[in-house]
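One-letter residues, chain by chain:
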Amino acid sequence: MVDKKLAGAGLRGQSAGETALCTVGKSGSGLTYCGYDVADLADNASFEEVAYLLFNGELPTKAQLDAYQSELTAMRDLPEALKQVLKLIPASAHPMDVMRTACSFLGNLEPETDFTAQNKAANRLLAAFPAIMCYWYRFSHEGVEIDCTTDEVSIGGHFLKLLNGKTPSDQHRRVMDVSLILYAEHEFNASTFTARVCASTLSDMFSCVTGAIGSLRGPLHGGANEAAMDMIQKFSSPADAKVQMAAMLDRKEKIMGFGHAVYRESDPRNVIIKAWSEKLAKENGDTSLYDISVACEEFMWDTKKLFCNADFFHASAYHFMGIPTKLFTPIFVCSRVTGWAAHVMEQRSNNRIIRPSADYTGPEPRKVTPIAQR
Ligand SMILES: CC(=O)SCCNC(=O)CCNC(=O)[C@H](O)C(C)(C)COP(=O)(O)OP(=O)(O)OC[C@H]1O[C@@H](n2cnc3c(N)ncnc32)[C@H](O)[C@@H]1OP(=O)(O)O
Ligand SMILES: O=C([O-])CC(=O)C(=O)O
């Protein structure tokens, strides 16, 4: 019998194509990238190794990784014209709109002229996104025009240094690295499917990624980490969290950061980022927000059998590292661009335009009544 939750609207439970990139809810802990368990990658690899894996199908050797990191580092700076555009975007804009506009604009300046340039386009976006986010944020919020290059080797460290203007701790660098690994790829989720649909028309990489950013922005998808933060900050204690969440459920509100379209009992990314959130809370000497988050997790499981997805403990973990809440979902972009681009490449390698059918529910065929008689 078909699981009710995996049937019905939203194409739930239906296969919409093939992929060699990822399994969700199948083997190992429930999430694999090119055959590697995400927990194994989070323990034993860097985000750049994962990006290389997604783009090439195999983990790099040390020499390949060094070359790849050098290539990415050289692509970090932003063109002057893009900086000018970023300066025009007001502080009141949502950073996801900034990411979408900047991605699209970079596609005007450095178009992917043909598909032989797809790796270059993907790597350019991967290298440039942290600077795009931080250049706009620091100019619009602090009036500072930052240098978009840093001496940080990792993308996570580079982002933290651009954001704070100082060298991050090893611990914060590592948490960012793990976070970027956890968010990198997730099969046919809404934003990746957007990218694949766009790719299936033989469109360019920048258009595919721009569309994907728009899909990730919503609170039912990547926007949930920001929404979860807004929610937990309103709770004054674990007991208050439970009272307020019960009221939210009575009002039939969705609790952001809980539930999943595919996983049924847990999201394997949660246990990993939750452990880092706890470590960071202790390091900060204030575990109250972590304790509130744990109370939310217990309450949702006890009352609704709903579990934390990848987004929930990312909220407190990022918060403990001093990252502004509105940048939470853009960080997801900095990571998921690897999965999106890998899927675009995969779609192109065996393409047929994605064009499903619809079940018609409208009126029976009828004749146009002349406008004067309607
Ligand atoms: C990285 C990511 O993108 S992970 C997802 C991030 N999104 C969120 O955290 C937003 C909150 N969660 C949700 O809205 C949903 O769980 C989704 C969008 C992730 C999945 O949606 P669906 O596949 O439709 O969920 P599912 O079929 O499991 O829902 C089962 C029931 O639980 C309810 N439910 C699911 N999640 C939640 C939630 N977070 N809060 C309250 N109720 C929920 C549904 O409304 C549904 O109730 P019903 O049977 O009375 O209609
Ligand atoms: O798979 C999904 O539907 C959403 C998700 O967890 C992700 O994109 O990481």
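For every chain, the first residue of the written sequence is number 1, and numbering continues from 1 onward in sequence order. Chain labels run from A onward and ligand labels from 1 onward, assigned in the order the entries are written. pLDDT decides what is reported in this predicted model: residues at 70 or higher carry local features, side-chain atom pairs at 80 or more are listed and counted, and totals for whole chains, interfaces and linings draw on all residues regardless. Derived side-chain values reflect all non-hydrogen atoms in the structure, with water molecules and hydrogen atoms excluded from consideration.

The protein chain appears in an unreviewed UniProt entry as Citrate synthase from Shewanella denitrificans. UniProt positions are given in the numbering used here, feature names are shortened, and annotations may be inferred rather than shown by experiment. In its Sequence similarities (unreviewed entry) section, UniProt records this for the protein chain: "Belongs to the citrate synthase family."

Enquirer: Talk me through the overall build of the protein chain; I want residue IDs and the actual numbers.
Expert: Helix and strand assignments come from DSSP, with helices taken as H or I runs of at least 4 residues and strands as E runs of at least 2, each series counted from the N terminus. Tallying secondary structure elements over the protein chain gives 16 helices and three strands in all. Here the protein chain has a C-alpha radius of gyration of 21 Å; the compact-globule value for 374 residues is 21 Å, and the two agree. Here the protein chain holds 374 residues, and 51% of them are scored as buried. Counting only contacts in the protein chain whose residues sit at least 6 apart along the sequence, the fraction spanning at least 24 positions is 74%. Here the accessible surface of atoms and residues is derived via Shrake-Rupley with a 1.4 Å probe, and residues count as covered only by protein chains that are part of the display. Counting only carbon and sulfur atoms, one obtains 53% of the accessible surface of the protein chain, whose full area is about 17400 Å². Radius of gyration here uses only the C-alpha atoms, and the compact-globule reference equals 2.2 Å multiplied by the residue count raised to the power 0.38. Note on classification: 1.4 Å probe, protein chains only; a residue is buried when its accessible area is under 20% of the maximum for its type, exposed when over 50%, partly exposed between these limits. Whether two residues touch is decided by their heavy atoms; if any such pair falls within 4.5 Å, the residues are in contact.

Enquirer: Please set out the domain arrangement of the protein chain residue by residue, giving values where relevant.
Expert: Along its sequence, the protein chain is carved into domain 1 (22-218 + 326-349) and domain 2 (224-321). The source of the domain bounds is an automatic or database domain assignment. Computed over C-alpha atoms only, the centres of domain 1 and domain 2 are separated by 25 Å. The interface is formed by 25 residues belonging to domain 1 together with 22 residues belonging to domain 2. The term buried area denotes the loss of accessible surface (1.4 Å probe radius) that occurs when two parts are joined, taken as the sum for both partners. Each partner contributes to the roughly 2100 Å² buried at the junction of domain 1 and domain 2, and carbon and sulfur atoms together form 66% of this total. The salt bridge definition used is simple: a Lys or Arg side-chain nitrogen within 4 Å of an Asp or Glu carboxyl oxygen. In this structure, the connection of domain 1 to domain 2 is made through zero salt bridges. Any N or O atom pair separated by 3.5 Å or less is treated as a polar contact, with the protein-specific requirement of one donor-capable and one acceptor-capable atom, and with residues adjacent in sequence counted only for side-chain atom pairs. Applying the counting rule to domain 1 against domain 2 returns twelve residue pairs in polar contact (both at pLDDT 80 or more).

Enquirer: A description of the packing of helix α9 (residues 190-199) against helix α16 (residues 328-349) should follow, citing residues and the corresponding values.
Expert: An axis is simply a line fitted to the C-alpha atoms; with a helix, the fit covers only the stretch in contact. Between two such axes, the angle follows the N-to-C directions and lies from 0 to 180 degrees. Two elements in contact, α9 and α16, have axes separated by 9 Å at closest approach and are oriented at 35 degrees. Classified by chirality, the crossing of α16 by α9 is right-handed. Where α9 abuts α16, its residues Ser 191, Thr 192, Ala 195, Arg 196 and Ala 199 lie against Arg 336, Trp 340, His 343, Val 344, Glu 346 and Gln 347. Charged residues are taken to be Asp, Glu, Lys and Arg, nonpolar residues to be Ala, Val, Leu, Ile, Met, Phe, Trp, Tyr, Cys and Pro, and polar residues to be all remaining types, Gly included. Grouping the constituent residues of the contact of α9 with α16 by class yields four nonpolar, four polar and three charged. For any pair of crossing helices, the crossing counts as left-handed if the nearer helix is rotated counterclockwise from the farther one by less than a right angle, and right-handed if it is rotated clockwise.

Enquirer: Quick rundown of the UniProt feature "active site" (unreviewed entry) in the protein chain? Include the residues and the values.
Expert: As annotated by UniProt and renumbered to match this structure, "active site" (unreviewed entry) occupies His 260 and Asp 311. In summary, the annotated positions, though distributed over 52 residues, converge in three dimensions, the widest C-alpha pair being only 10.6 Å. With respect to the helices and strands, His 260 occurs in the loop between α12 (238-250) and α13 (268-284). Classification of His 260 by relative accessible area gives partly exposed; the value is 22%. Setting aside chain neighbours within four positions, we find His 260 in contact with His 186, Asp 267, Arg 269, Phe 307 and Asn 309. In terms of polar contacts, His 260 uses its side chain to reach the backbone amide nitrogen of Val 262, at 2.9 Å. Tracing the chain through its elements places Asp 311 in helix α15 (residues 310-320). On the basis of relative accessibility, which here comes to 6%, the residue Asp 311 falls in the buried class. With residues near it in sequence (within four places) discarded, Asp 311 still touches Tyr 183, His 221, Gly 222, Ala 224, Asn 225, Gly 257 and Phe 332.

Enquirer: Now, about the sheet that holds strand β1 (residues 22-24): what can you tell me, with residues and values included?
Expert: Strand order in this open sheet of three strands is β1-β2-β3, and the pairing throughout is antiparallel. The two strands at the open ends of the sheet, each matched to only one other strand, are β1 and β3 (36-37). Direction of pairing for β1 relative to strand β2 (residues 31-33): antiparallel, over a ladder of three bridges. Residue pairing in the sheet places Val 24 in a bridge with Leu 31 of β2. Think of it this way: DSSP has to see at least two bridges between two strands before they count as a pair.

Enquirer: Lay out the site of ligand 1 with the relevant residues and their values.
Expert: Residues are labelled near a given molecule or strand when at least one of their non-hydrogen atoms is within 4 Å of it. Around ligand 1, a shell composed of 19 residues is seen, among which Leu 220, His 221, Ile 255, Gly 257 and Phe 258 lie nearest. Between an oxygen atom of ligand 1 and a side-chain N or O atom of His 221, the distance comes to 2.8 Å. Contact with the protein chains covers 73% of the free accessible surface of ligand 1, which is 930 Å². Tallied by class, residues from the shell around ligand 1 come to nine nonpolar, five polar and five charged.

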